Amino acid sequence: MAAPAELVRLLDERGWTAEPPTAHPMSGVSESRWVLPEHLVAAARALKEAGYFYESLTCVDRLDPQGAFELVLTFARWDAPARIGVRVWTPKDTPVPSLAGVFGIAEWNEREAWELFGVEFSGHPKLRWLLLPDGTEFRPLLKSFTAPPPSIYDDSLTAPASPDDRTDPDTHG
Amino acid sequence: MTLLTGLRDWIAGFLGEFLATWLLGAALIMTFLAFNVLFLVLAERKLAGHFQRRVGPMEVGPHGSLQSIADMIKLLGKQILTPVATDRFVYLLAPLMVFLPTLCVASLIPLTGAEAFANQPYGLLVIIALSGVTVLSIFMAGWSSNNKYAVLGGMRSVSQVIAYEIPVLLAALSVVMIAQTTNLRQIVEAQANTHWYVLYQPIAALLFFIGITAETNRAPFDIPEAESELVGGFHTEYSGMRFAMFFFAEYTNMLVLGALGATLFLGGWLGPWLPGPVWLLLKTYAVIFVLIWVRWTFPRLRFDQLMSFAWKLLIPVALLNLVITAILVHGVG
Amino acid sequence: MTAQTPTLTAEPLDTYTLNMGPQHPSTHGVLRLVLTLRGEKLVHVDPVIGYGHRGHEKMAENRTYAQFLPNTSRQDYLSGVIYNNAWCEAVEKLAGIPVPERALVARVILAEFNRLASHLMWIGAYLLDLGGWTPQLYTWDDREAILFLLESVTGSRLTYCTGRFGGLSRDLDADFPARARVVLKKLKDRWQEYEDLVEGNVIFVQRTRGVGIFTKEQCQSYGVTGSSLRAAGVAYDVRKVEPYGAYPRFQFDIPTRPESDAFARYWVRVQEMKQSVRIIEQALEQLPDGPILTERGLGSKKRLKLPVGTQYYAVEAARGAYGILLVSEGGTEPYRAKFRVPSYANLAVMQDVMPGYMVADLVGILGSIDVIIPEIDR
Amino acid sequence: MGYLRRFATGAWSLVVGLKVTANHLFRRRVTLFYPHELPDASHWGGPIELVTFPATGTHDCIACNACVRVCPSDCFTVEGKRPEGAKKMRATKFLIDFSTCSLCGLCIDVCPTDTLQYSQRYDEAFYTRNETFNDLLAPFGEDPTFAGKPT
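Residues numbered from 1 in each chain as written. Chains lettered and ligands numbered in written order. Predicted model: local features only at pLDDT ≥ 70, side-chain atom pairs only at ≥ 80, totals over all residues. Heavy atoms only, no water.

This part takes up the overall build of chain C. Tallying secondary structure elements over chain C gives 15 helices and 10 strands in all. Each principal axis of the C-alpha distribution contributes one length, and for chain C these read about 70 × 50 × 30 Å. Looking at the 378 residues of chain C, the share that counts as buried comes to 71%. In chain C, once contacts between residues fewer than 6 apart in sequence are set aside, the share between residues at least 24 apart is 71%. By element, 54% of the accessible surface of chain C is carried by carbon and sulfur atoms, the whole surface being about 11,100 Å². For chain C, the distance from the average site of its 43 positive side-chain charges to the average site of its 43 negative ones is 5 Å. (Helix = DSSP H or I, 4+ residues; strand = E, 2+ residues; numbered from the N terminus. Buried < 20%, exposed > 50% of the residue type's maximum accessible area, 1.4 Å probe, protein only. Contact = heavy atoms within 4.5 Å. Areas by Shrake-Rupley, 256 points an atom, 1.4 Å probe, with all protein chains shown as cover. Lys, Arg positive; Asp, Glu negative; His and termini not counted. Charge placed at Lys NZ, Arg CZ, Asp CG, Glu CD.)

Attention now goes to the environment of C:Phe250. Residues and elements named next belong to chain C. Mapped onto the elements, phenylalanine 250 comes out in the loop between α10 (238-241) and α11 (262-286). Note on phenylalanine 250: relative accessible area 3%, which makes it buried. Sequence-distant contacts of phenylalanine 250, that is, excluding residues within four places in its chain, are made with Val105, Val108, Ile279, Gln282, Ala283 and Gln286.

All names here are of chain A. Helix length check: helix α3 (residues 106-117) (12 residues) gives 16 Å between terminal C-alpha atoms against 16 Å at 1.5 Å per residue, within 8%. Across the 12 residues of α3, 12 count as buried, placing the element largely inside the fold. Listing the buried residues of α3 in full gives Ala106, Glu107, Trp108, Asn109, Glu110, Arg111, Glu112, Ala113, Trp114, Glu115, Leu116 and Phe117. The first or second residue beyond α3 is glycine 118, which carries a positive phi of 90 degrees. (Expected span 1.5 Å × (residues − 1).)

All names here are of chain B. Evaluation of the coordinates by the stated rule reveals 38 aromatic pairs over all chains. Note on phenylalanine 208 and phenylalanine 265: the rings are 5.5 Å apart at their centroids and 55 degrees apart in plane angle, and the pair reads as tilted. You can see phenylalanine 208 sitting in helix α11 (residues 202-215) and its partner phenylalanine 265 sitting in helix α13 (residues 240-265), a full 57 residues away along the chain. On the basis of relative accessibility, which here comes to 2%, the residue phenylalanine 208 falls in the buried class. Since its relative accessible area comes to 3%, phenylalanine 265 is described here as buried. (Phe/Tyr/Trp six-rings, centres within 6.5 Å; stacked < 30°, edge-to-face > 60°.)

Our focus in this paragraph is the state of the cysteines. One way to say it: the disulfide is the covalent bond shared by the sulfur atoms of two cysteines. In total, this model carries zero disulfides over all chains according to the counting rule given. Left without a disulfide partner, C:Cys161 is nearest to the cysteine sulfur of D:Cys104, which lies 5.0 Å away. (Disulfide = S-S within 2.5 Å.)

Take the pairing of strand β9 (residues 320-328) of chain C next. All names here are of chain C. Of all nine residues that make up β9, nine are buried, and the element is covered over most of its length. With nine bridges joining them, strand β8 (residues 309-317) and β9 adopt antiparallel strand pairing. Across the sheet, residue glycine 309 finds its bridge partner in β9, namely serine 328. Connecting β8 to the antiparallel partner β9 that follows it, the hairpin turn spans two residues. The pairing of β9 with strand β10 (residues 336-340) spans five bridges and is antiparallel. For leucine 325, the partnering residue across the bridge sits in β10 and is lysine 338. (Pairing = 2+ DSSP bridges.)

Moving on, we get to the nonpolar core. Judged by nonpolar contacts, the single largest core of 190 residues is most densely connected at A:Leu73, C:Trp87, C:Ile109, C:Phe113 and C:Phe165. Not counting the four nearest positions on each side in its chain, C:Ile109 is found in contact with C:Leu172, C:Phe176, C:Ile280, C:Ala283, C:Leu284 and C:Leu287. In this structure, B:Val105, B:Leu124, B:Ile128 and B:Val176 belong to the second largest nonpolar core, which totals 83 residues. (Core = buried A, V, L, I, M, F, W, Y, C linked by side-chain atoms within 4.5 Å.)

The subject of this paragraph is helix α5 (residues 134-154) of chain C. Residues and elements named next belong to chain C. The end-to-end C-alpha separation of α5 is 29 Å, in line with the 30 Å expected for 21 residues at 1.5 Å each. Within α5, 17 of the 21 residues are buried, which leaves it mostly tucked inside the rest of the structure. Just downstream of α5 lies glycine 155, where phi reads positive at about 85 degrees.

The next point concerns the interface of chain B and chain D. On the chain D side, the residues contacting the 15 residues of chain B number 16 residues. Going through the elements one at a time, α2 (17-51) and α14 (276-295) of chain B are the ones with two or more residues in the side of chain B that touches chain D. Counted by class, the side of chain B that touches chain D contains 10 nonpolar, two polar and three charged residues. (Nonpolar A, V, L, I, M, F, W, Y, C, P; charged D, E, K, R; others polar.)

A word on the packing of α2(B) against helix α5 (residues 100-108) of chain B. Residues and elements named next belong to chain B. Following both chains from N to C, one finds α2 and α5 inclined at 110 degrees, their axes separated by 10 Å at the closest point. Classified by the angle between their axes, α2 and α5 sit roughly perpendicular to one another. Contacts from Ile29, Met30 and Leu33 in α2 reach Leu103, Ala106 and Ser107 in α5. Grouping the amino acids of the contact of α2 with α5 by side-chain chemistry returns five nonpolar, one polar and no charged. (Axes fitted to C-alpha atoms, helices over the stretch in contact; angles between N-to-C directions. Parallel < 35°, antiparallel > 145°, perpendicular 65-115°, else oblique.)

Residue and element names in this part refer to chain A. With 84% of its residues at a pLDDT of at least 70, chain A reaches an overall mean of 78. By mean pLDDT, strand β1 (residues 17-18) is the weakest element of chain A at 76, and α3 is the strongest at 88. Low confidence marks residues 166-173, where pLDDT is under 50. Its contacts with residues over four positions away, or in another chain, come to eight contacts. (pLDDT = per-residue confidence, 0-100.)

The predicted structure's coordinates, where accompanied by low pLDDT, should not be read in detail. In the predicted model, chain C carries a mean pLDDT of 84, and 97% of its residues have values of at least 70. Low pLDDT (under 50) marks residues 1-9 of chain C, which in the prediction has 14 contacts with non-local residues, meaning those over four places away or in another chain.

This paragraph deals with the interface of chain C and chain A. With 47 residues of chain C at the interface, the matching set in chain A holds 47 residues. Around 3,700 Å² of area is buried between chain C and chain A when both sides are counted, 55% of it from carbon and sulfur atoms. Scanning the region where chain C abuts chain A turns up six salt bridges. The partner of C:Arg378 in a salt bridge is A:Glu112, and the shortest N-O contact between them spans 3.1 Å. Inspection of the chain C/chain A interface yields 23 residue pairs in polar contact (both at pLDDT 80 or more). Its residues assigned to classes, the side of chain C that touches chain A comprises 22 nonpolar, 12 polar and 13 charged. (Buried area = accessible area lost by both parts, 1.4 Å probe. Salt bridge = Lys/Arg side-chain N within 4 Å of Asp/Glu carboxyl O. Polar contact = N/O pair within 3.5 Å; in protein donor to acceptor, adjacent residues only side chain to side chain.)

Take the five pairs of chains in contact: the one carrying the most contacts is chains A and C. Between chain A and chain B there is no contact, and the shortest C-alpha to C-alpha separation is 23 Å.

On the surface, B:Leu7, B:Trp10, B:Phe14, B:Leu15, B:Phe18, B:Leu19, B:Trp22 and B:Leu23 cluster together into a nonpolar patch covering about 900 Å² of accessible area. Those elements giving two or more residues to the nonpolar patch turn out to be α1 (2-15) and α2 of chain B. (Patch = residues over 30% accessible without salt bridge, like charges linked within 9 Å, V, L, I, M, F, W, Y side chains within 5 Å.)

Time to look at the packing of α5(B) against α13(B). Residue and element names in this part refer to chain B. Two elements in contact, α5 and α13, have axes whose closest approach is 10 Å; the angle formed by their N-to-C orientations is 25 degrees. The angle between α5 and α13 places the two elements in the roughly parallel class. Considering how the two elements wind past one another, α5 and α13 form a crossing that is left-handed. Along its contact with α5, which presents Thr102, Val105 and Ala106, the element α13 presents Ala249, Thr252, Asn253 and Val256. Within the contact of α5 with α13, the residues separate by chemical class into four nonpolar, three polar and no charged. (Left-handed = near helix turned anticlockwise from the far one by under 90°.)

Residues and elements named next belong to chain C. Under the defined criterion, the tally for this structure stands at 52 salt bridges over all chains. Measuring nitrogen to oxygen at the nearest pair gives 3.2 Å for the salt bridge that ties glutamate 112 to arginine 239. Linking glutamate 112 in helix α4 (residues 101-129) with arginine 239 in helix α10, this pair joins segments that are 127 residues apart in sequence. No difference in accessibility class separates glutamate 112 from arginine 239, as the two residues are buried. What emerges from the salt-bridge pattern is a single network uniting Glu112, Arg115, Arg230, Asp237, Arg239, Glu272 and Glu316.

Here the focus is unusual backbone geometry. Peptide bonds are, in most cases, trans, and in most cases residues other than glycine have a negative phi. Located in the positive-phi region is B:His63, a residue other than glycine, with phi close to 55 degrees. If you trace the backbone, B:His63 turns up in the loop between α2 and α3 (67-77). A positive phi angle is found at D:Leu103, which is not glycine, with a value near 55 degrees. Within the secondary structure layout, D:Leu103 lies in the loop between β3 (90-97) and α3 (106-110).

Turning our eyes to something else, we now look at the side chain of C:Asp370. Residues and elements named next belong to chain C. Along the chain, aspartate 370 turns up in the loop between α14 (359-368) and α15 (373-377). Of the polar contacts made by the side chain of aspartate 370, one reaches the side chain of arginine 319; its length is 3.4 Å. Excluding anything up to four places from it in sequence, aspartate 370 contacts Trp122, Arg269, Arg319 and Ser343.

Next up on the list: the environment of A:Ala100. Residues and elements named next belong to chain A. Position of alanine 100 relative to the elements: it lies in the loop between β7 (96-97) and α3. A sequence separation of 26 residues divides alanine 100 from lysine 126, and the C-alpha atoms of the two residues are 9.7 Å apart. Ignoring anything within four residues of it in the chain, the contact list for alanine 100 reads Ala106, Glu107, Glu110, His124 and Pro125.

Printed below as a string of structure tokens:
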């Protein structure tokens with residue numbers, strides 16, 4: 001049950017995994033699988049029961065013609081060098097089921113993905129800003145994002161100095 | 001002495017004998033206490049430095065000896081802020097009130113057998129009653145600041161002082177039982193005939209020491225101002241000279257309670273060669289040195305541990321000690 | 001003072017809200033905790049993070065692999081070498097850059113010294129949280145010796161940037177092993193003192209025993225790693241479970257303790273320091289001669305192009321498992337870089353652990369898990 | 001009895017702690033009086049500076065802009081021109097915005113003539129933002145390469 005190869009075979013058998021939407025390889029993990037969004041919670045539950053912990057969630061803004069996110073979740077074990085990469089391909093405007101009910105840390109990770117990318121998570125208890133100030137409208141980690149809108153804070157103190165303004169260091173007090 | 005007597009007579013010319021003595025005494029005590037605070041602050045910082053393998057202040061004056069004066073000037077010059085939504089009257093009153101009891105107590109400690117500002121028959125009781133008043137102003141400060149940290153600090157302070165007054169009182173009572181008097185002067189004189197009471201009452205002395213550590217809000221009992229939990233505790237919102245008042249009171253309290261401890265257990269002014277007040281001061285500073293040493297060694301207790309330590313350990317031990325003392329004094333003779 | 005209280009009716013009358021931080025002496029930086037208290041008892045803890053968010057992940061997408069090097073040590077400023085090495089190793093692994101033997105061992109030496117410095121700093125800061133001032137100065141004295149040692153190799157004292165793809169940018173001096181052994185001896189002589197002053201102290205034991213316990217289930221649910229997890233009785237250490245770099249060739253143990261309280265975390269960290277000393281001693285013995293860098297300016301003189309792929313690379317940082325997820329689309333810049341920082345999970349679990357304890361314990365628990373806010377905020 | 005023993009060991013641990021601090025009280029300080037005593041900065045990697053080569057007595061910056069390109073935080077402003085009759089360019093302006101420099105040393109790695117190095121200055125302090133621009137050519141004075149010719 002615990003070995004990653006057996007576990008992903010189980011996922012395959014239950015029909016939770018999907019064909020890879022991209023040929024993008026994943027390394028640094030024992031096994032990796034593409035999981036259909038609707039089976040994500042069930043797969044996570046199976047992983048939790050097998051003794052895996054939720055290690056990380058990475059959202060990647062794939063420049064797909066339809067616009068899609070790739071969610072890369074990694075699960076690892078305490079007792080063996082077993083890491084399972086779970087990848088989810090989701091269109092930009094489709095919510096992904098939240099794992100907050102399965103793993104506690106998923107709540108924060110999903111809040112982060114939501115505020116930085118705009119991934120919607122259905123069933124998340126508190127989809128609010130985590131790292132960015134409350135009320136931030138833009139999604140900074142999208143590839144389409146270029147510059148933040150004018151800051152709501154006074155940035156006169158942080159305006160970059162330019163070398164042409166350089167004064168002689170001896171002239172001031 | 002002649003200078004002082006002359007000064008007193010000159011003031012007595014227009015204010016009367018009683019007021020002149022009173023005023024001059026108060027002025028002398030105030031001056032001494034002010035210098036004492038400056039010295040103690042410096043001593044604390046220097047000692048802390050050396051305990052921690054550094055040297056403390058070094059820049060102002062030789063070996064930093066004038067650092068506290070510079071700090072005092074800085075505190076005097078700082079802007080005094082009054083936060084909005086404070087209970088203004090109480091807020092302003094608290095720093096003034098905080099060192100009044102301490103001043104009163106300071107005048108009650110006998111300096112020598114011959115001369116003293118006060119020779120109260122119930123001196124010990126008055127001192128213990130008065131030193132409990134300090135906490136009132138601390139609570140006033142905490143409450144009026146309209147700051148939750150300050151309120152928490154003030155409330156912790158009240159419960160702490162209530163808890164620790166009792167072992168202090170009980171420890172002092174066992175001394176009273178031996179000396180058969182509450183007059184501090186007579187307690188010291190009684191020690192001249194026998195040994196210092198610390199030899200007869202080591203447990204009481206220890207309890208007393210723990211009690212005054214708690215009453216002066218010093219580590220490991222510095223819970224009312226626990227910096228890492230409550231920012232600054234009751235004096236979070238005070239700045240400049242008002243903050244200095246609390247500081248002043250804390251260090252004066254250390255001196256006064258240290259002097260009381262020296263009087264009760266270490267024979268007060270008694271000692272060879274040197275004049276009485278010098279001995280008293282030396283013994284007081286020895287007690288304060290241990291206070292400083294303890295502060296720079298131990299972490300802080302938690303609030304509930306502090307309370308259970310007082311109620312479940314110190315007070316029963318103090319009571320037991322008192323009972324044994326009573327049996328020994330009255331039964332054995 | 002009032003924090004984000006939703007509505008008046010939602011808050012029961014017997015509780016109140018206390019806003020701890022972002023500027024508070026013991027929140028270790030800019031963490032804000034919105035506490036709901038009943039008296040001094042914690043009812044609910046809501047960590048608010050992000051005050052130090054600098055957008056490291058966005059920065060990574062706009063810089064070449066080499067240009068991101070200085071950012072790494074600024075995530076966790078107390079174990080910068082480890083993070084710096086992790087980035088180098090992650091890129092090396094994906095790009096297939098060979099690393100000389102000497103560099104591998106030197107990285108281990110620097111990383112373990114950095115771990116020692118970090119743990120020493122933590123002991124000092126933790127005792128400061130608990131109100132003991134003096135141990136901090138003693139640990140800083142020891143840490144200073146380590147920092148001087150690291151400075152002599154890297155040129156920096158806190159935000160190291162010595163790692164390069166294929167080795168280190170500066171070599172260890174000929175007399176480095178000798179100087180390192182002096183420092184290690186100094187440290188070993190100190191253990192007894194720390195035990196006398198801290199570990200044996202009855203006040204410290206009272207403050208930390210039975211405080212801040214989290215269960216294995218909570219650890220699994222939140223992904224707690226590092227010393228906090230080992231103090232909960234789980235012998236998980238990336239250095240052992242997924243050995244990387246030169247670690248497989250060194251003998252060391254993973255200290256664990258079953259209690260999972262603050263004292264156990266303290267004890268585990270002290271034991272880890274002893275193990276780090278052990279690793280460094282072996283590494284100094286085995287330090288081979290040879291080049292320290294395969295090729296100077298690899299990735300900086302000419303921009304490095306990494307093959308297409310998603311790569312996860314984990315190391316054991318001073319606070320737990322640090323992971324880098326690198327997505328490359330074949331360009332000279334990462335397509336996406338995600339940093340799985342240990343403090344993130346270790347702090348998140350606090351929402352579950354804290355309620356029921358007192359305010360004074362909060363400081364003791366928060367200190368004991370050793371969070372570094374800039375790495376959480378990234 | 002167990003309670004008493006626990007109490008005794010607890011009290012003894014406090015005494016042991018006091019002994020540790022008392023031991024340190026009379027030992028030598030480990031701190032440094034910073035403005036009066038200076039630390040050993042021989043290995044310190046401070047703000048970037050130009051190397052003075054003993055052979056030529058000057059730097060060898062050819063204004064190739066490699067450092068400008070590699071710098072993660074765009075600290076550099078480098079300008080140069082070709083002295084008459086020379087093959088290589090030579091820097092006429094070399095500014096570093098030290099306020100954005102993170103001392104990563106990538107510029108040292110890429111410099112083709114090895115003319116950049118860490119200085120040992122560790123106590124840089126500034127009063128205004130503009131002072132953070134280090135003119136690296138200033139220590140070399142007037143460049144004799146361009147002497148006599150208007151630049």
